[in-house]
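Structural characterization, general
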Amino acid sequence: MRNAQVIEFPKAQSVRKRLQDKAQEQKAILILSIASVLIMTVFLNQWLVQGPDSLTNGGRRNVASFEPAAFAKDVKWEHDLAKRLASDKSALSASLAEAPTLRDELIFGYLEGKYGMKLAQGRIESLEFIDAQAGEHPMAITDKADFLMKYSEAFGRDYSEVALAQNAADNEEVYTLVGSGKEIIGKAHFVKDEQGRIQAINFTQ
């Protein structure tokens, strides 16, 4: 009977070791799965915003376009994910190899992934609400001057102050972008819906 107990003891140790190894493997797989989802989200957003060629052109930012109706379902999923990530910025920073840029914070944080971005020569040319078919509503930006100043670097435009200009239409609010030398370098057009929410933001020279 004693011999039987001596023989069984190493087997029990072996079983416990296998269980521990399996638990470690499952933990590693879970971590890799979470990392894969985050990486795929970044690439999916780049593909949606800049088109499929953007993933193979060496990272160069060319003019990008978006089609709201075609990507409504994907946008809804991406919007929900953006909300979760925006609610815990420290977790997002820890999960990604690179810290989010100010432009990332603008698109996925402040704007909650609701707006498509069109670029021209590395600068934001326009932002357009794209979540209508996903059951979302445009955002109400109350202090537009503060918004423009806070994200001036994200827009890629070198202005040091903004001023409310003459409205072009009832559904539009226009701000003049002024450089450090008091020269006008462009304008920001906020296109509003009937409730005053922002449908689009267009930058012009």
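Our structure is the block above this text.
A quick note: this is a predicted structure, and the numbers were derived from the prediction, not measured. (Residues numbered from 1 in each chain as written. Predicted model: local features only at pLDDT ≥ 70, side-chain atom pairs only at ≥ 80, totals over all residues. Heavy atoms only, no water.)

Scanning the protein from terminus to terminus reveals six helices and six strands. Of the regular secondary structure in the protein, the N- to C-terminal order runs α-α-α-α-β-β-α-α-β-β-β-β. A buried classification covers 34% of the 205 residues belonging to the protein. Within the protein, residue pairs in contact and separated by at least 24 positions form 46% of the contacts whose partners lie at least 6 positions apart. (Helix = DSSP H or I, 4+ residues; strand = E, 2+ residues; numbered from the N terminus. Buried < 20%, exposed > 50% of the residue type's maximum accessible area, 1.4 Å probe, protein only. Contact = heavy atoms within 4.5 Å.)

What follows covers the pattern of salt bridges. This structure, assessed with the given rule, holds seven salt bridges. In this structure, Lys114 engages Glu112 in a salt bridge whose closest nitrogen and oxygen atoms are separated by 3.8 Å. Here Lys114 falls in the buried class, since its relative accessible area comes to 9%. Judged by relative accessible area, which is 25%, Glu112 ranks as partly exposed. With a shortest N-O distance of 3.4 Å, Lys192 and Glu173 are connected by a salt bridge. Here the residue Lys192 occupies a position in strand S5 (residues 184-192), and Glu173 occupies one in strand S4 (residues 172-178), the gap between them amounting to 19 residues. One exposure class covers both Lys192 and Glu173, and it is buried. Residues joined in a network through salt bridges with shared partners are Glu112, Lys114 and Glu136. (Salt bridge = Lys/Arg side-chain N within 4 Å of Asp/Glu carboxyl O.)

Attention now goes to the environment of Ile201. Mapped onto the elements, Ile201 comes out in strand S6 (residues 198-204). Its relative accessible area of 1% is what places Ile201 among the buried residues. When the C-alpha atoms of Ile201 and Phe129 are compared, they prove to be 9.0 Å apart, with 72 residues separating the residues in sequence. Excluding residues that lie within four positions of it along the chain, Ile201 makes contacts with Glu125, Ser126, Leu127, Ile141, Phe147, His189 and Phe190.

Let's shift gears to the nonpolar core. Grouped together as the largest cluster of nonpolar side chains are 25 residues, with contacts concentrated most on Leu106, Leu127, Phe147, Leu148, Phe155 and Phe190. Contributing elements (two or more residues each) for this core: helix H4 (102-110), strand S1 (115-120), strand S2 (123-129), helix H5 (144-150), helix H6 (152-155), S4, S5 and S6. Look past the residues within four positions of Phe190 in its chain and what remains in contact with it is Ile141, Lys144, Phe147, Leu148, Asn171, Glu172, Glu173, Tyr175, Ile198, Ala200 and Ile201. (Core = buried A, V, L, I, M, F, W, Y, C linked by side-chain atoms within 4.5 Å.)

The next point concerns the packing of aromatic side chains. In total, this model carries eight aromatic pairs according to the counting rule given. Ring plane angle 55° and centroid distance 5.6 Å describe the contact between Phe147 and Tyr151, whose orientation is recorded as tilted. For the pair Phe147 and Tyr151, a shared accessibility class is recorded, and that class is buried. (Phe/Tyr/Trp six-rings, centres within 6.5 Å; stacked < 30°, edge-to-face > 60°.)

One non-glycine residue, Glu112, lies in positive phi territory at about 55°. Relative to the assigned elements, Glu112 resides in the loop between H4 and S1.

So, about the side chain of Arg157. Mapped onto the secondary structure, Arg157 falls in the loop between H6 and strand S3 (161-164). As a buried residue without a salt bridge, Arg157 has its nearest oppositely charged side chain in Glu125, at a separation of 6.2 Å. Within the local environment of Arg157, its side chain forms a polar contact with the backbone oxygen of Ile124, the two atoms lying 3.0 Å apart. Discounting chain neighbours no more than four positions away, the residues touching Arg157 are Arg123, Ile124, Glu125, Ser152, Leu177, Phe203 and Gln205. (Lys, Arg positive; Asp, Glu negative; His and termini not counted. Polar contact = N/O pair within 3.5 Å; in protein donor to acceptor, adjacent residues only side chain to side chain.)

Right, let's talk about H4 for a bit. Three or more residues of H4 are buried, namely Arg103, Leu106, Ile107 and Gly109. Note on H4: the residue one or two positions beyond its end, Glu112, has a positive phi of about 55°.

Nothing here speaks to function; it is all geometry.
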